[in-house]
2 protein chains.
Amino acid sequence: MPSNTMMPSSSTAPTRFLDVGDQRYAYRRFGEGIGLPLLCLQHFTGTLDNWDPAVTDALATGRNVILFDNAGIGRSTGTVPSTVAEMAKHVMAFLDGLHLTNCDVLGFSLGGVLAQQMAQERPSLIRRIILVGTAPRGGEDIMHLEKPSLAKHIQDPQNRGYAVLQKIFFAPTATSQAAGAAFIGRLMQRRDDRDPPPGPNVGAAQLAAFREWERFTGERFADLKGIRHPTLIVQGFKDDMIPVRNSYWLAENLPNAVLLVYPDAGHGSLFQYAESFCKQAAAFLSSDSESAVF
Amino acid sequence: MPSNTMMPSSSTAPTRFLDVGDQRYAYRRFGEGIGLPLLCLQHFTGTLDNWDPAVTDALATGRNVILFDNAGIGRSTGTVPSTVAEMAKHVMAFLDGLHLTNCDVLGFSLGGVLAQQMAQERPSLIRRIILVGTAPRGGEDIMHLEKPSLAKHIQDPQNRGYAVLQKIFFAPTATSQAAGAAFIGRLMQRRDDRDPPPGPNVGAAQLAAFREWERFTGERFADLKGIRHPTLIVQGFKDDMIPVRNSYWLAENLPNAVLLVYPDAGHGSLFQYAESFCKQAAAFLSSDSESAVF
């Protein structure tokens, strides 16, 4: 699909639409190179406009990058499901609609949860997985926005729009907050054809899905043994939204995962260290090995 | 010292000797490039001949690599001290004797403990630190060779010499054990000018030092906050000699550390994944940033 694949960047790629049955999905697709397409699955309440061009443009120099609004997000129709399984069904329907039978996945936060669900349900759909700032089923302290340390930023009337994101995605240090301000600046580079901001029902349904994801039956983390895809796990040590021990559990229980953790970084570690992250991610994605080690 | 610095490899570099007062230290120095010299500090009972040429030769393509026998090890004179502080004094005396006022350090296992001690006592001596398979003061389960999972290999009369190393440095999987066999093969490439194997007093004194290192006073891990050097921490998830939680504690409490953990690997993760490790280590060492992120 050359008309979809030569778009220059996150800031300028047009929003496209794919109809699958009654459902319409909004997405952007750009980049070129010999790599498999990379599907990017977005964080809690994030839209197409929440992807940092410093990350997606760099990765798009070696492959098609596909940004995706799940059902009920941005300009995708439908309602946001309240379970991970239902959300993952939409992602798979979207990939089927694009006739993509195999791709790499970058799952950030909620997106990383969906990537795990998809890898278990339809392993053949995915080749390599990057999980950033996410948690396994049965993980702990996943997106508890009612925690005082998060609530104080979210409820502060001085913090509006992207200012909240800077506070809660970045560590409370001068260096990390400066990186957060730069990140916000990059998000603002796109001027036209932007998604509408999420309504309150989006967050409520997604939080319900996180609460369900924290529950487990049987042996804790045993389900991870079945995900044999080469996996790169990335997180910041100061992530207060999904603490780093969740990445430890992921990496210790997935049979084929490399763990990379950054200092002085919170939930948005991949954006704070976009250059390092993209170098590591590109090296990982470029490998043909059956091992995650790159 | 050009005569010392152009030696071709771990397998052929001659053993050299440096006298400092009454003490004679054995060492090897080889490699070239613009990087700072890299001092390699060895593991429990290891001699100059226990460094994997796949690691040291690759790193020596960008810098001088210095392998070092601490007091009482290999052909260095003196007795092995029973505390980390006394061992670190010898390393610093050796560097002073070489007139090296600033270097990078690769500390593996016991060597990583010495690197931490030196970084606290003489921070200016070190620029960047790589800590592999090691533990902070106050760490847990550090080299308890009496554990059944380790003792069964060490006490097995079928395991002699390097065969023990393969069992306890590599994970109990076919893939990791195969990597261990390849590692042993590489250690055997050096035929002449080899160190004598360690006597029983070496291990006893080094184990006493580990037991002392497990003890702490005051706030646990607070001493790590003072080590501001850019640090790269590497370990295998299946390290039974110094379990990975020790690397978590290191990386969470050092203010400027990146953590990298490998799957299907034990204590010898850097040897199992020599190519990946050297690529990461070289990128880390080549950085001029004040941040550990590379």
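Here the structure is a predicted model, which is why all the values come from computation and not from measurement.

Student: Explain the overall build of chain A here, please?
Tutor: A tally of regular secondary structure across chain A gives 11 helices and eight strands. A compact globule built from 294 residues would reach a C-alpha radius of gyration of about 19 Å, and chain A, at 17 Å, matches this within 12%. Taken along its principal axes, the extent of the C-alpha atoms in chain A is 45 × 45 × 35 Å. Across the 294 residues of chain A, 61% fall into the buried class. Taking as baseline every contact in chain A between residues at least 6 positions apart, the subset at least 24 positions apart corresponds to 75%. Of the roughly 11,000 Å² of accessible surface on chain A, a fraction of 55% belongs to carbon and sulfur atoms.

Student: Just checking my understanding: could you explain the interface of chain B and chain A for this structure?
Tutor: Where the parts come together, the accessible area they lose is often given as the size of the interface. Each side of the interface is counted separately: chain B has 20 residues, and chain A has 20 residues. Overall, the association of chain B and chain A removes approximately 1,700 Å² of surface from exposure, summing both partners, and the carbon and sulfur fraction of that is 63%. At the surface where chain B touches chain A, the tally comes to seven residue pairs in polar contact (both at pLDDT 80 or more). Among the elements of the structure, α9 (245-253), β8 (257-262) and α11 (274-286) of chain B are those that each provide at least two residues to the side of chain B that touches chain A. Per-element tally for the side of chain B that touches chain A: the top contributor is β8 of chain B, with six residues. Taken together, the residues of the side of chain B that touches chain A break down into 15 nonpolar, three polar and two charged. When strand β8 (residues 257-262) of chain A meets β8 of chain B, the two strands line up antiparallel, connected through three bridges. Note on β8 of chain B: the bridge partner recorded for leucine 260 of chain A is leucine 260 of chain B.

Student: What's the story with the pattern of salt bridges in this structure? I'm lost.
Tutor: Between side chains of opposite charge, pairing is possible as soon as their charged atoms come close. Applying the stated rule across the entire model yields 34 salt bridges over all chains. Here glutamate 86 of chain B makes a salt bridge to lysine 89 of chain B, at a shortest N to O gap of 3.7 Å. In this pair, glutamate 86 of chain B and lysine 89 of chain B both sit in helix α3 (residues 84-97), three residues apart, roughly one turn of the helix. When the shortest N-O distance is used, the salt bridge between glutamate 140 of chain B and arginine 245 of chain B registers 3.1 Å. Of this pair, glutamate 140 of chain B sits in the loop between β6 (126-132) and α5 (148-154) while arginine 245 of chain B is found in helix α9, placing the two residues 105 residues apart along the sequence. The exposure class assigned to glutamate 140 of chain B is partly exposed, which follows from its relative accessible area of 31%. Via salt bridges that share partners, Arg28, Asp49, Arg75, Arg190, Asp193 and Asp195 of chain A belong to a single interconnected network.

Student: What's the story with the side chain of asparagine 159 of chain A in this structure? I'm lost.
Tutor: All names here are of chain A. Considering the arrangement of structural elements, one finds asparagine 159 in the loop between α5 (148-154) and α6 (162-169). Residue classification places asparagine 159 among the buried residues on the basis of a relative accessible area of 13%. Beyond its immediate chain neighbours, meaning those up to four positions away, asparagine 159 contacts His153, Val164 and Lys167.

Student: Even after reading the chapter, I still don't get the pairing of strand β5 (residues 103-108) of chain B, so can you show me in this structure?
Tutor: On a regular strand, one side chain projects to one face of the sheet and the next to the other, so that they alternate. Residue and element names in this part refer to chain B. A large share of β5 lies buried, amounting to six of its six residues. Burial along β5 is two-sided: the residues Cys103, Val105 and Gly107 and Asp104, Leu106 and Phe108 are all buried. Strand direction decides the pairing type here: strand β3 (residues 35-41) and β5, joined by four bridges, are parallel. Within β5, the residue paired with cysteine 40 across the bridge is leucine 106.

Student: So what exactly am I meant to see when it comes to the relation of the copies chain B and chain A here?
Tutor: Mapping one chain copy onto the other needs a rotation about an axis and a shift along that axis. Once turned by 180 degrees and shifted 0.0 Å along the axis, chain B lies on chain A with an RMSD of 0.0 Å. Taken together, the rotation angle and the small translation identify this as a two-fold axis. Minimal C-alpha separation from the rotation axis in chain B is found for leucine 260 of chain B, amounting to 2.4 Å. Of the interface residues in chain B, 100% have counterparts in chain A that sit at the interface too, so the contact is made through matching surfaces.

Student: Is there a simple way to think about the packing of aromatic side chains in this case?
Tutor: Aromatic rings considered in pairs are described by the distance between their centres and by the relative angle of their planes. Tallied over the full model, the rule gives 25 aromatic pairs over all chains. Here tyrosine 25 of chain A and phenylalanine 68 of chain A contribute two aromatic rings whose centre-to-centre distance is 5.5 Å and whose plane-to-plane angle is 50 degrees, an arrangement assigned as tilted. Here tyrosine 25 of chain A is found in strand β2 (residues 23-30), whereas its partner phenylalanine 68 of chain A is found in strand β4 (residues 63-68), with 43 residues between them in sequence. Residue tyrosine 25 of chain A is classed as buried on the basis of its relative accessible area, which comes to 2%. Relative accessible area serves as the criterion here: at 4%, phenylalanine 68 of chain A is assigned to the buried category. A cation over a ring is seen here: arginine 220 of chain B above tryptophan 249 of chain B, with NZ or CZ 4.5 Å from the ring centre.

Student: Looking at this structure, how should I read helix α11 (residues 274-286) of chain A?
Tutor: Because an α-helix packs 3.6 residues into every turn, residues spaced three or four apart end up facing the same way. With 13 residues, α11 of chain A extends 17 Å between its outermost C-alpha atoms, agreeing within 8% with the 18 Å of an ideal straight helix rising 1.5 Å per residue. Within the sequence span of α11 of chain A, burial applies to Ala274, Ser276, Phe277, Cys278, Gln280, Ala281, Phe284 and Leu285 of chain A.

Student: Would you explain the packing of helix α4 (residues 110-121) of chain B against helix α8 (residues 200-214) of chain B in this entry?
Tutor: Two packed helices can be described by the angle between their axes and the distance between those axes. All names here are of chain B. One way to put it is that α4 packs onto α8 with a least axis distance of 11 Å and a crossing angle of 55 degrees. Considering the angle they form, α4 stands oblique to α8. When the axes of α4 and α8 are compared, the crossing they make is left-handed. Contacts between α4 and α8 pair Leu110, Val113, Gln116 and Gln117 from the former with Gln206, Phe210 and Trp213 from the latter. Here the contact of α4 with α8 is composed, by residue class, of four nonpolar, three polar and no charged.

Student: What is the right way to read the state of the cysteines from this model?
Tutor: One covalent bond between the sulfur atoms of two cysteine residues makes up a disulfide. Residue and element names in this part refer to chain B. Here the structure, examined in full by the defined rule, presents zero disulfides over all chains. Left without a disulfide partner, cysteine 40 is nearest to the cysteine sulfur of cysteine 278, which lies 9.8 Å away. Residue cysteine 40 is classed as buried on the basis of its relative accessible area, which comes to 0%.

Student: Is there a simple way to think about the confidence of the model for chain A in this case?
Tutor: Any region with low pLDDT has predicted coordinates that should not be read closely. Taken over all residues, the pLDDT of chain A has a mean of 96, while the share at 70 or more is 97%. Here the complex is predicted with pTM 0.96, and the ipTM for its interfaces comes to 0.96.

Student: What should I look at first to understand the environment of glutamine 166 of chain B in this one?
Tutor: Residues and elements named next belong to chain B. Its location among the elements puts glutamine 166 in helix α6 (residues 162-169). Residues glutamine 166 and histidine 153, spaced 13 residues apart in sequence, show a C-alpha to C-alpha distance of 9.6 Å. A polar contact is formed between the side chain of glutamine 166 and the backbone oxygen of glutamine 177, at a distance of 3.2 Å.

Student: How should I be thinking about the side chain of serine 9 of chain A in this particular structure?
Tutor: Here serine 9 of chain A lies in the loop between α1 (2-5) and β1 (16-20). The residues touching serine 9 of chain A, leaving out its near neighbours within four places in the chain, are Phe30 and Asp57 of chain A.

Student: Whenever I open this one, the pairing of β6 of chain B confuses me. Can you help?
Tutor: Residues and elements named next belong to chain B. Where burial is concerned, most of β6 is hidden: six out of the seven residues are buried. As paired elements, β5 and β6 share five bridges and run parallel to each other. Along β6, the bridge assignment pairs glycine 107 with leucine 131. Taken together, β5, α4 and β6 form a β-α-β motif whose crossover is right-handed. The pairing of β6 with strand β7 (residues 231-236) spans four bridges and is parallel. What sits directly across from valine 132, in β7, is valine 234.

Rules used in this analysis
Residues numbered from 1 in each chain as written. Chains lettered and ligands numbered in written order. Predicted model: local features only at pLDDT ≥ 70, side-chain atom pairs only at ≥ 80, totals over all residues. Heavy atoms only, no water. Helix = DSSP H or I, 4+ residues; strand = E, 2+ residues; numbered from the N terminus. Rg over C-alpha atoms; globule rule 2.2 N^0.38 Å. Buried < 20%, exposed > 50% of the residue type's maximum accessible area, 1.4 Å probe, protein only. Contact = heavy atoms within 4.5 Å. Areas by Shrake-Rupley, 256 points an atom, 1.4 Å probe, with all protein chains shown as cover. Buried area = accessible area lost by both parts, 1.4 Å probe. Polar contact = N/O pair within 3.5 Å; in protein donor to acceptor, adjacent residues only side chain to side chain. Nonpolar A, V, L, I, M, F, W, Y, C, P; charged D, E, K, R; others polar. Pairing = 2+ DSSP bridges. Salt bridge = Lys/Arg side-chain N within 4 Å of Asp/Glu carboxyl O. Least-squares fit on C-alpha atoms with pLDDT ≥ 70 in both. Phe/Tyr/Trp six-rings, centres within 6.5 Å; stacked < 30°, edge-to-face > 60°. Lys NZ or Arg CZ within 6 Å of the ring centre and 35° of its normal. Expected span 1.5 Å × (residues − 1). Axes fitted to C-alpha atoms, helices over the stretch in contact; angles between N-to-C directions. Parallel < 35°, antiparallel > 145°, perpendicular 65-115°, else oblique. Left-handed = near helix turned anticlockwise from the far one by under 90°. Disulfide = S-S within 2.5 Å. pLDDT = per-residue confidence, 0-100. Right-handed = clockwise from strand over helix to strand, strands pointing away.

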